[in-house]
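# Commentary on secondary and tertiary structure
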Amino acid sequence: MKSFRKELWFDIPSRRAFINITPQVNECLRESGIKEGLALVNAMHITASVFINDNESGLHLDYDVWLEKLAPHEPISQYQHNRTGEDNGDAHLKRQVMGREVVVAVTGGNLDFGTWEQIFYGEFDGRRRKRVLVKIIGD
Ligand code: ZN
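The sections below set out a description of the structure shown in this document. These figures come from a predicted structure and were not determined experimentally.

To continue, consider the coordination of the zinc ion. Looking at the zinc ion, one finds its protein donor set to be His81 (NE2), Glu86 (OE), Glu86 (OE), Asn88 (OD1) and His92 (NE2), positioned 2.1 to 2.8 Å from the metal centre. Taken in chain order, the donor set of the zinc ion reads H-x4-E-x1-N-x3-H.

This brings us to a nonpolar patch on the surface. There is a patch of nonpolar side chains on the surface, built from Met1, Leu38, Val103 and Ile137 and spanning about 400 Å² of accessible area. Here Ile137 is to be found in strand S8 (residues 129-138).

The biggest cluster of nonpolar side chains holds 24 residues, and the ones touching the most others in it are Ile21, Val41, Leu111, Ile119, Val132 and Ile136. Of all the elements in the fold, those that place two or more residues in this core are strand S1 (2-11), helix H1 (22-32), strand S3 (37-43), strand S4 (48-53), strand S5 (101-107), strand S7 (118-123) and S8. Apart from the residues within four sequence positions on either side, Val41 is in contact with Ile21, Val25, Val50, Arg100, Glu101, Val102, Ile119, Val132, Leu133 and Val134.

Tallied over the entire structure, the rule returns six aromatic pairs. Relative to Phe51, the ring of Phe18 lies with its centre 5.6 Å away and its plane at 90°, an arrangement referred to as edge-to-face. Of the two residues, Phe18 sits in strand S2 (residues 17-20) while Phe51 sits in strand S4, which places them 33 residues apart along the sequence. As far as burial versus exposure is concerned, Phe18 and Phe51 are alike and both buried. Ring centres of Phe51 and Phe120 lie 5.6 Å apart, and the angle between their planes is 25°; on these two criteria the pair is classed as stacked. Pair noted here: Phe51 is in strand S4 and Phe120 is in strand S7, with a separation of 69 residues, a long-range link. Each of the two residues, Phe51 as well as Phe120, counts as buried. An aromatic cluster is defined as three or more aromatic residues linked by ring pairs; in this entry it consists of Phe18, Phe51, Tyr63, Phe120 and Phe124. Arg129 extends its terminal NZ or CZ atom over the ring of Trp9, reaching a point 4.2 Å from the ring centre.

This part covers unusual backbone geometry. Of note, the amide linkage connecting Glu74 to Pro75 takes the cis form, showing an omega dihedral of 0°. Here Pro75 shows up in the loop between helix H2 (57-70) and helix H3 (89-98). Despite not being glycine, Trp116 shows a phi value in the positive range, around 70°. With respect to the helices and strands, the residue Trp116 is situated in the loop between strand S6 (110-111) and S7. Its relative accessible area of 67% is what places Trp116 among the exposed residues. One non-glycine residue, Arg127, lies in positive phi territory at about 70°. In this fold, Arg127 is placed in the loop between S7 and S8.

Parameters at a glance
Residues numbered from 1 in each chain as written. Predicted model: local features only at pLDDT ≥ 70, side-chain atom pairs only at ≥ 80, totals over all residues. Heavy atoms only, no water. Donors = N, O, S within 2.8 Å, 3.2 Å for Na, K, Ca; no water. Patch = residues over 30% accessible without salt bridge, like charges linked within 9 Å, V, L, I, M, F, W, Y side chains within 5 Å. Areas by Shrake-Rupley, 256 points an atom, 1.4 Å probe, with all protein chains shown as cover. Salt bridge = Lys/Arg side-chain N within 4 Å of Asp/Glu carboxyl O. Helix = DSSP H or I, 4+ residues; strand = E, 2+ residues; numbered from the N terminus. Core = buried A, V, L, I, M, F, W, Y, C linked by side-chain atoms within 4.5 Å. Buried < 20%, exposed > 50% of the residue type's maximum accessible area, 1.4 Å probe, protein only. Contact = heavy atoms within 4.5 Å. Phe/Tyr/Trp six-rings, centres within 6.5 Å; stacked < 30°, edge-to-face > 60°. Lys NZ or Arg CZ within 6 Å of the ring centre and 35° of its normal.

Printed below as a string of structure tokens:
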């Protein structure tokens, strides 16, 4: 069995954003040479997510509006977590809703997606360098 590991780095200039990282994960898969197996992609920070959904800008705006209703950034004093001196209590909650990782089957050297599926990085507390782990195992 082969094993491949790579970290993808992001430095998002805004507090929140959604980035389609499918091309980078595809590049990892090509580098790995693995044709049959599993690909795990996970955020390495507790205020960012990796998730699968449609690459549609209206949907991404809907997510942002929905997450802001669930866990508004302000007032920052509403979160116990921010009593530590941080201001990202909302980002921890948004990450929990949107998830930490995805696992995608690798079949015939390709990511074995359902219709319209793409992989996204969800940033909820940006403006600093953060990582995503890609781990691919198989043959
Ligand atoms: Zn925090």
